[in-house]
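Here is how the chains run, residue by residue.
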2 protein chains.
Amino acid sequence: MRWTQTLIPTLREAPADAEILSHKLLLRSGLIRKLAAGVYTFMPLGLRTLRKIEQIVREEMDRSGALELALPILHPKEIWEQSGRAEPWRNTLFKVKDSGNREWFLSPTAEEAVTAMAGGEINSYRQLPKNFYQIGAKFRDEIRPRFGLLRAKEFVMKDAYSFDVSDEAAQVTYQKMHDAYSKIFARCGLKTIAVEASSGAMGGSFSAEFMIPAEIGEDEVAYCEACNYAANTEKATSKIPKTAAREIGEPIGKFATPGVVTIEALQKAPYSVPANRQIKTLIYMAASKLIIILVRGDDQLNEAKLAGKIGTTVFRPATAEEIFEATGAHPGSLGAVTSTRKYQEIQVFADERLQGANGMTTGANEDGFHLRNVSIERDVQVNQWADLRVVQAGEPCPNCGKPLKIRRAIEVGHVYKLGTKFSVALGAEFLDESGARKPCVMGCYGIGVTRTLQAVIEQCNDKDGIIWPVSVAPYRVCITPLNADPNSEAMKLAEKIYAELTERGIDAILDDRDERPGVKFKDADLVGFPIRIGIGEKSLARGEIEIKPRGGTLMPAKISEALERIMPLTQ
Amino acid sequence: MRWTQTLIPTLREAPADAEILSHKLLLRSGLIRKLAAGVYTFMPLGLRTLRKIEQIVREEMDRSGALELALPILHPKEIWEQSGRAEPWRNTLFKVKDSGNREWFLSPTAEEAVTAMAGGEINSYRQLPKNFYQIGAKFRDEIRPRFGLLRAKEFVMKDAYSFDVSDEAAQVTYQKMHDAYSKIFARCGLKTIAVEASSGAMGGSFSAEFMIPAEIGEDEVAYCEACNYAANTEKATSKIPKTAAREIGEPIGKFATPGVVTIEALQKAPYSVPANRQIKTLIYMAASKLIIILVRGDDQLNEAKLAGKIGTTVFRPATAEEIFEATGAHPGSLGAVTSTRKYQEIQVFADERLQGANGMTTGANEDGFHLRNVSIERDVQVNQWADLRVVQAGEPCPNCGKPLKIRRAIEVGHVYKLGTKFSVALGAEFLDESGARKPCVMGCYGIGVTRTLQAVIEQCNDKDGIIWPVSVAPYRVCITPLNADPNSEAMKLAEKIYAELTERGIDAILDDRDERPGVKFKDADLVGFPIRIGIGEKSLARGEIEIKPRGGTLMPAKISEALERIMPLTQ
């Protein structure tokens, strides 16, 4: 390709709404353009890189035995109702009504569509295992799209769905996908870490995320440098000890705390109750019912863990009105003690760290009062104990006990064991060897393809621009004659090298613009071609060209040896 | 690929809602499955063919110098309002409202999105010409989806948009695209005819369609076997003579016609007015205004020609109430004579065939009466003359005068010269050599990719199934060992041939199913692999295999010569 024939609209400055480096570089290098908030056009070079990433994904998926197909983007509402996800996913689903008043969703993921298809076509264990994948546009109604392709309304995903005869067989497929993902990201030049993850609203039984450590990531990973434990903080646990029980449970006592409505205020004189001796009482509305959640005063509720426990992501903190009606108190005076609650039938979920704790302080469910000497066992009726807290840096690793660290990261891939939730709901069953009808055991496996593209930029850059790994660069080689006159020696040699590279299957771009060398070099560095070949009159006079790996040092090379010097760099 | 590893769910019978052969074959061969009305999943083999067609399109578009990019599917409503198409396209646009109450359309075409992008990135004549294309999902809210991929709600299109400095330059690009399209369809194994077409709601100034003759086509083409004239009947003209004027215009005269409200009734005794001496008066509501259209009694109004004349496709026949209010008469008694109309300000569009006609009969705008001896020139105030009639088979070709024929056809591609409508509306301007700001002259070029796939099936089949052209077959070769036992001689040879073909880059499928030969042959014929290689014990005993080109005759071949006999058939 010649630079003047394609369109590479580089920019000196990124638009103001690009907050993070990779987003800025995407725009500055002319790889993408915004059509509207959260919706981007892939310009010619951006699309080339996207296609290369897609091809890597395709090759590794095919190698694993998965079958590519293409499910529609328009999904009838009915199948989402059948799976029970229409409601929990309603905030992220784009909804479309057609002229016949039928409702459709724009696919954010395709468990329903693929399971309905499999239900129609798979009948026998002989047809299993099957793993179907597709690469295409997905949609999520992001309220606040930002960070370019990292949180967009429309994006490209590879999604795969596996069907197996048993849990054991599904585990084998899951591991194959885990391995394929490691290869895919490695081939894209990305350093990822696989972490234990929350299954969240997917309803999966086990899952792992592939993460790119990055300051601007939207996820947090807790990890242990000693034993390689790593988990999304939504899922991470630790060996932190339970709250120490005191020897004798003194009787419960109410005391006045006028105006005190926070854990912090109660820590101060005259009350001086440390946060770790307080019980934090939260009231949530989940599936139209109130629930109470108890965590220690110095802990934070982990909503992902709560979602896993209650089996839905559709919940929210109750409103002040709802709370007052249920407890007779306002938020800030809520308490854990059963006898002080107006309604007894509310389910209570308590964090395990509170198990056996006594001598605790909590709200009295009466504005302006707290209770001291509360014993969880004696005074609080807990319906379900669970790990509901957010792990903090420095807590002991659940595997080896060494202190955990926490860092931010970008999720680029996710593998789930799904079980039979969808196959039961949508009728994907098979007859086993004995003729018994059974639901397929499923897994699902996603890669954010456009997100991976941006993650590569986030990981591979310097002050001058992007540094593309050879495997996913828009063009592997940029040939830069410093004189663009078609009759100049520089241009003639540039054309010759361009033809020779093309013949060898190396995609190259020839910068045939009539621009100053500085402009050409700056643009080539910004766009991030892995290898730049400079052809100037001074070096020509010495019988040389200049080979400059992006991010490496300039290497003069004899013209006669040009190709054999360039070729190894392009692989 | 091994047959047992992929999924080819062939069917004996097509589902009842598949009305036409190509749709039935798509389903029976397991290439696609319906997810919902007008929305299909591409199964593994269907997707392979789709990708091959896409790749042919891509190669020819790239060869023509066009640049691939990817515009989003979600288009903000605002750009469609800027171009003025939100209203005329409202019935075909899928509308989406996001959680922030912003409105989006699912792209049915992308003139607005690409022109807005070009407006931002193109500044100078030095950057032109540019021709951008994409291959991807498009959406139309079809009220009655049918015929499988021919009229679907979601489909794959290649759409291209060119930007030039002048009409002459745009004409060059248009011709390049016309040539590329001919090559693309030929490479797909399709026999197409390029016909003159109506530009309809695209607002283009000139256009051509690529058509596949087919009984079930939704379009009609008028063509001349003598001179190769061919045009969509929406656009076709003929050398049919104007209505003969009689020598003396007799005075106009009203006569009673109780109960006569059709052209046919007036043809009968006692009135006996031939249809070709009647004026048909139609009243339409177009852009909230009534218009009158006059055609001869034996002609039909061509609504596409009317759309081209009035510049919008948003019109409909007026209701009886609207007509009565405007004329004082009911439909069936409407007349062309100006003086009899209640409202004079209504614009009158008349078909050119009526120019100079006299001695005509028409309604009196009074129920139960008609007027005779009407002279168009004397009695009817015509605002605009135009070709507004539907051409009939047998009329003289507009080029050579020989009789036209008419046949049905499927449109697979369309090339338009667009002019500056979109570039003006969306600000795609450039500075010319003298520094003057000018709008780009645009063209747009569409190929229905999924439609092309089905058109190939419609054109290439026999009673046993599909006959894929080698270029777009899901697999070029199907190897059919009649014994699937891995240790059989047949299977061992099958594996060897499979490996040799794969090594030579020929995609083959190995039917490793433990099925009767009849089932295997039937499935291979149904799916339509171009070359089938039968390996049975009888022929093996003779040292032979059987090569069977789909739709051709069986050719025994020595095992030692197998490859050299197969290879030429795969190209």
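Please refer to the structure higher up on the page.
Residues numbered from 1 in each chain as written. Chains lettered and ligands numbered in written order. Predicted model: local features only at pLDDT ≥ 70, side-chain atom pairs only at ≥ 80, totals over all residues. Heavy atoms only, no water.

A. A look at unusual backbone geometry. Residue and element names in this part refer to chain B. A cis geometry characterises the amide bond from L128 onward to P129, with omega recorded as 0°. Among the structural elements, P129 can be located in the loop between α4 (111-121) and β7 (130-139). Cis rather than trans, the peptide bond between A269 and P270 has omega equal to 5°. By the element assignment, P270 lies in the loop between α6 (263-267) and β14 (279-286). The phi dihedral of A287 falls on the positive side, at around 50°, and the residue is not glycine. With respect to the helices, strands and loops of the structure, A287 is situated in the loop between β14 and β15 (289-296). (Helix = DSSP H or I, 4+ residues; strand = E, 2+ residues; numbered from the N terminus.)

B. Local environment of the sheet that holds strand β28 (residues 508-510) of chain A. Residues and elements named next belong to chain A. With mixed pairing, 5 strands are arranged side by side in an open sheet as β28-β27-β29-β30-β31. The two strands at the open ends of the sheet, each matched to only one other strand, are β28 and β31 (555-558). Neighbouring strand axes in the sheet, compared pairwise and without regard to direction, differ in orientation by 25° on average. By the bridge criterion, 4 bridges tie strand β29 (residues 531-535) to strand β30 (residues 544-549) in an arrangement that is antiparallel. Looking at the pairing, R532 lines up with K548 of β30. Lying over the sheet, helix α12 (residues 489-503) contacts β27 (477-481), β28, β29 and β30, oriented at roughly 165° with respect to β27. Lying on the sheet, helix α13 (residues 517-527) is in contact with β27 and β29; it crosses β27 at an angle near 175°. (Pairing = 2+ DSSP bridges. Axes fitted to C-alpha atoms, helices over the stretch in contact; angles between N-to-C directions. Contact = heavy atoms within 4.5 Å.)

C. View of the side chain of A:N131. Among the secondary structure elements, A:N131 is positioned in strand β7 (residues 130-139). With residues up to four places along the chain from it excluded, the contact list for A:N131 reads A:A66, A:L67, A:A160, A:Y161, A:S162, A:T173, A:M177 and A:Y445.

D. Region of the structure containing the relation of the copies chain A and chain B. Each copy of the sequence occupies a distinct position, and chain A is placed on chain B by a rotation of 180° and an axial shift of 0.1 Å, giving an RMSD of 0.2 Å. Expressed as a symmetry operation, the mapping of one chain copy onto the other fits a two-fold axis. Nearest to the rotation axis, the C-alpha of A:V96 is located 2.7 Å from it, this being the minimum over chain A. In this assembly, 100% of the residues forming the interface of chain A have copies in chain B that are likewise at the interface, indicating an isologous arrangement. (Least-squares fit on C-alpha atoms with pLDDT ≥ 70 in both.)

E. Molecular detail of the sheet that holds strand β15 (residues 289-296) of chain A. All names here are of chain A. The 5 strands lie next to each other as β16-β14-β15-β17-β20, forming an open sheet whose pairing is mixed. The strands lining the two open edges of the sheet, one partner per strand, are β16 (315-317) and β20 (384-386). Across this sheet, the average inter-strand angle for adjacent strands is 30°, counted without regard to direction. Note: strand β17 (residues 347-351) against β20, 3 bridges, orientation parallel. Its bridge partner being in β20, D351 is matched across the sheet by A386. Against the sheet, helix α7 (residues 303-310) touches β14 (279-286), β15, β16, β17 and β20, its axis set at about 130° to β16. The sheet strands contacting helix α8 (residues 320-327) are β14, β15 and β16, and the helix crosses β14 at an angle near 110°.

F. Expanded view of the interface of chain A and chain B. Across the boundary between the two partners, chain A contributes 51 residues, which contact 51 residues of chain B. At the boundary of chain A with chain B, total buried surface from both sides reaches about 4,100 Å², with 67% on carbon and sulfur atoms. If you look at where chain A meets chain B, you find 14 residue pairs in polar contact (both at pLDDT 80 or more). Its residues assigned to classes, the side of chain A that touches chain B shows 31 nonpolar, 7 polar and 13 charged. (Buried area = accessible area lost by both parts, 1.4 Å probe. Polar contact = N/O pair within 3.5 Å; in protein donor to acceptor, adjacent residues only side chain to side chain. Nonpolar A, V, L, I, M, F, W, Y, C, P; charged D, E, K, R; others polar.)

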